[in-house]
Amino acid sequence: MPHRLLTLGSIALASAAWFIFHGIDIDPTKRPPSAFCQNDLGAAMNRGGHQEEMLWRGCLIASDATTHFKRYTTALPYRRTETRSCLACHGENKPAPSFAKMWITYPKVDPATGKLLDFARAIRKEVNARYGAALPGLEDSAITSLYLYAATKAGQQHLTYRMTAPTLASHTALNLLKKTASPDCIAKFDEKGWPSGERAKFIVQGCNLVTETSRYATSLPVKPWQSSLTCQSCHRDAGDRENAGSLAHAAVLLPHMLSSLNRAIRHDDRILMCFARSLNWLDLGLNAPEIQEIIVYSNWLAQMNKLPMGILPEGRGMPALQDTVGLGASFMAGERAYNQRCVTCHGPSGWGISGSKIPPITGKASFNSAATLAHREHLTGFIYYNMPPMPKGTPPVLSRQEALDIAAYLSSFSRPEDPVHTSVITQAVKRAQTNLMQYLGTVGSDIK
């Protein structure tokens, strides 16, 4: 017995020493081998991060869907058990469209419902039809992996979206579309060309949502905070402006890895985040038709701008400007610059002017603390490239130093709390504080 204990002790000590010097192999980049996927994805796997792991899984699922979706069929007595591969039909040079070519045609109009069907729902519908399976959730990791795989394949081939029919809309159809479009959308479609085909009315509705959000959004339009913003308040020119969150750019860049959440964000996820953070609305949910309508409009813009997937466009997103001029940012200088250049449109301290269509940029009716522009570096970039409003192609009016200073000044004011991640009590306290400060500030400006 002593010898056995001594042997076991020696093994335990040797094992402990090995782990101390070598560690435990928990490399998250290890994945099931697949010669097909290695050849199929190639350079797309080079970075080896979380998004690439999901991409690898998407390829594995596409080549063996039964294995990866079996958890939805195991308990069902009528399940089908044959092995199926998506790529047997949807691979390159197969009779059905490839994943890449399918990607650029979604959202489609579902003939069964007359509603838009995006790629995630199409996958879910196909799983149910092929396997007799229960419906996976829209955010199921397998669905998102296939979604990412299809977008990547379209990017590798630099394809462009196909949202509008190649033929022009008839005179009657065009008149109907014009009657339903907002004034800003009429101007945008007159500039770009009016959409035609089965998606046309949805493209127009998507533009309406961007330009007059509260008027056209009907799915649970509940706001924990008052908001005077529309999507166009940040995504300027009906979502078609560089350096101002171009929706066309979003269409060719999403899905992508969002490091703050450590997950790949799909287009529908990102729009929901905008509604919650920038517009202060409660979560509409992935089933809200508004989400698909904004997506189809964004994809249409990308098509009309001839943006290929897989190539990073210039002026994408909300650009972040750090202190690159060496002088830092001055609150006092920002207050002076704001009062000289901005107060006429945006009102005292950025709270907005009653009855004006120009949005408030601080205070109770502005975007909340989780929005992209609540981060000073992004607010600086937005101010520099977009304020004051000028025609496309016009060089910035403000200097970078002025943009830095104005952003520092505006960042000192209260704004709504993030309604998704903040308790109701904290929101109520912040609401009372913001209302009081805005009231006192307005009264003070009136006295002057």
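Look up: the structure comes first, before these words.
Here the structure is a predicted model, which means the values were calculated and not measured.

1. Regarding empty space enclosed by the protein
Step number 1: Tallied over the entire structure, the rule returns one cavity of 30 Å³ or more.
Step number 2: Quantified by volume, the largest cavity comes out at close to 110 Å³.
Step number 3: Taken together, W103, Y106, P107, D118, F119, Y147, Y161, A251, L254, H267, I295 and N299 make up the lining of the largest cavity.
Step number 4: In the lining of the largest cavity, the residues fall into nine nonpolar, two polar and one charged.

2. Describing the layout of surface pockets
Step number 1: Considered as a void within the structure, the second largest pocket measures approximately 1000 Å³ in volume.
Step number 2: As for the second largest pocket, its lining consists of 40 residues, and the residues nearest its centre are R270, C274, G317, M318 and T372.
Step number 3: For the lining of the second largest pocket, the elements supplying multiple residues, two or more each, are α13 (231-234), α15 (247-253), β3 (256-258) and α16 (267-277).
Step number 4: In terms of residue count, the dominant contributor to the lining of the second largest pocket is α16 (seven residues).
Step number 5: Broken down by class, the residue content of the lining of the second largest pocket amounts to 23 nonpolar, 14 polar and three charged.

3. Let's talk about the packing of aromatic side chains
Step number 1: Summed over all chains, the structure comprises 16 aromatic pairs.
Step number 2: Here the aromatic rings of F189 and Y297 are separated by 6.3 Å at their centres, their planes lie at 85°, and the arrangement is edge-to-face. Of this pair, F189 sits in helix α10 (residues 183-192) while Y297 sits in helix α17 (residues 289-304), placing them 108 residues apart in sequence.
Step number 3: By relative accessible area, which is 0% here, F189 ends up buried.

4. A few points about the side chain of D140
Step number 1: Mapped onto the elements of the fold, D140 is located in the loop between α7 (119-131) and α8 (141-156).
Step number 2: Of note is the side chain of D140, whose polar atom sits 2.7 Å from the backbone nitrogen of A142.

5. Overview of the nonpolar core
Step number 1: Counting 102 residues, the largest nonpolar core has F99, W103, F119, Y161, F189, Y297 and I383 as its most contacted members.
Step number 2: In terms of residues, this core owes the most to one element, α8, which gives nine residues.
Step number 3: Ignoring any residue separated from it by four or fewer positions in sequence, one finds F99 in contact with A62, C86, L87, H90, F119, L146, Y149 and A150.

6. Some points on the state of the cysteines
Two cysteines, two sulfur atoms, one covalent bond between them: this is a disulfide.
Step number 1: What the rule picks out here adds up to two disulfides.
Step number 2: One disulfide bridge connects C185 with C207, the sulfur atoms lying 2.1 Å from each other. Looking along the S-S bond of the C185-C207 disulfide, the torsion reads about -110°, which is the left-handed sense. Placement of C185 in helix α10 and of C207 in helix α11 (residues 200-211) is noted, with a sequence separation of 22 residues between them. Taken as a pair, C185 and C207 share a single burial class, namely buried.
Step number 3: Shown here for the protein is a disulfide pattern of 1-2, 3-4, where each number marks a bonded cysteine counted in sequence order.
Step number 4: C342 forms no disulfide, and the closest cysteine sulfur to it belongs to C345, at a distance of 8.4 Å.
Step number 5: Using a relative accessible area of 13% as the deciding quantity, one classes C342 as buried.

7. So, the environment of A244
Step number 1: You can see A244 is positioned in the loop between α14 (236-239) and α15.
Step number 2: On the accessibility criterion, A244 (0% relative accessible area) is buried.
Step number 3: With 72 residues separating them in the primary sequence, A244 and R316 have C-alpha atoms 7.7 Å apart.
Step number 4: Residues contacting A244, with those up to four places away along its chain left out, are C234, H235, R236, G317, M318, F382 and N386.

8. Some details on the packing of α10 against α11
Step number 1: Contact geometry of α10 with α11 gives a least axis separation of 9 Å together with a crossing angle of 125°. As far as their axial angle goes, α11 and α10 are oblique. When you trace α10 past α11, the crossing you get is right-handed. On α11, the residues touching D184, C185 and F189 of α10 are I203, V204, C207, N208 and T211.

9. A few points about unusual backbone geometry
The general pattern is negative phi for most residues beyond glycine and trans for most peptide bonds.
Step number 1: With an omega of 5°, the peptide bond between L254 and P255 qualifies as cis.
Step number 2: Summarising the element assignment, P255 is placed in the loop between α15 and β3.
Step number 3: Note that the residue after M387, namely P388, is joined by a cis bond; omega there is -10°.
Step number 4: Locating P388 in the fold gives a position in the loop between α20 (376-386) and α21 (400-410).
Step number 5: Of note in the backbone geometry, H158 takes a positive phi value of approximately 55° without being a glycine.
Step number 6: Its relative accessible area of 42% is what places H158 among the partly exposed residues.
Step number 7: Phi is positive for S349, close to 60°, though the residue is something other than glycine.

10. With respect to α21
Helical geometry: 3.6 residues make up each α-helical turn, so side chains three or four residues apart lie on a common side.
Step number 1: Across the 11 residues of α21, nine count as buried, placing the element largely inside the fold.
Step number 2: Within α21 the residues assigned to the buried category are Q401, A403, L404, D405, I406, A407, A408, Y409 and L410.
Step number 3: The inward-facing, buried residues of α21 contact α18 (331-341) and α20.

11. Description of the packing of α20 against α21
Step number 1: Orientation of α20 relative to α21, taken along the N-to-C sense of each, is 130°, at an axis distance of 8 Å. Considered as vectors, α20 and α21 are oriented oblique to each other. Handedness of the α20/α21 crossing: right-handed. Along the contact surface, α20 presents R376, L379, T380, I383, Y384 and Y385, while α21 presents R400, A403, L404, I406, A407, A408 and L410.
Step number 2: Tallied by class, the residues present in the contact of α20 with α21 amount to 10 nonpolar, one polar and two charged.

Definitions and cut-offs
- Residues numbered from 1 in each chain as written.
- Predicted model: local features only at pLDDT ≥ 70, side-chain atom pairs only at ≥ 80, totals over all residues.
- Heavy atoms only, no water.
- 1 Å grid on protein atoms, 1.4 Å probe; cavity = no way out; pocket = protein on both sides within 12 Å on 5 of 7 lines; lining within 4 Å.
- Points joined across faces, edges and corners; volume = space filled by probe spheres on them.
- Nonpolar A, V, L, I, M, F, W, Y, C, P; charged D, E, K, R; others polar.
- Helix = DSSP H or I, 4+ residues; strand = E, 2+ residues; numbered from the N terminus.
- Phe/Tyr/Trp six-rings, centres within 6.5 Å; stacked < 30°, edge-to-face > 60°.
- Buried < 20%, exposed > 50% of the residue type's maximum accessible area, 1.4 Å probe, protein only.
- Polar contact = N/O pair within 3.5 Å; in protein donor to acceptor, adjacent residues only side chain to side chain.
- Core = buried A, V, L, I, M, F, W, Y, C linked by side-chain atoms within 4.5 Å.
- Contact = heavy atoms within 4.5 Å.
- Disulfide = S-S within 2.5 Å.
- Axes fitted to C-alpha atoms, helices over the stretch in contact; angles between N-to-C directions.
- Parallel < 35°, antiparallel > 145°, perpendicular 65-115°, else oblique.
- Left-handed = near helix turned anticlockwise from the far one by under 90°.

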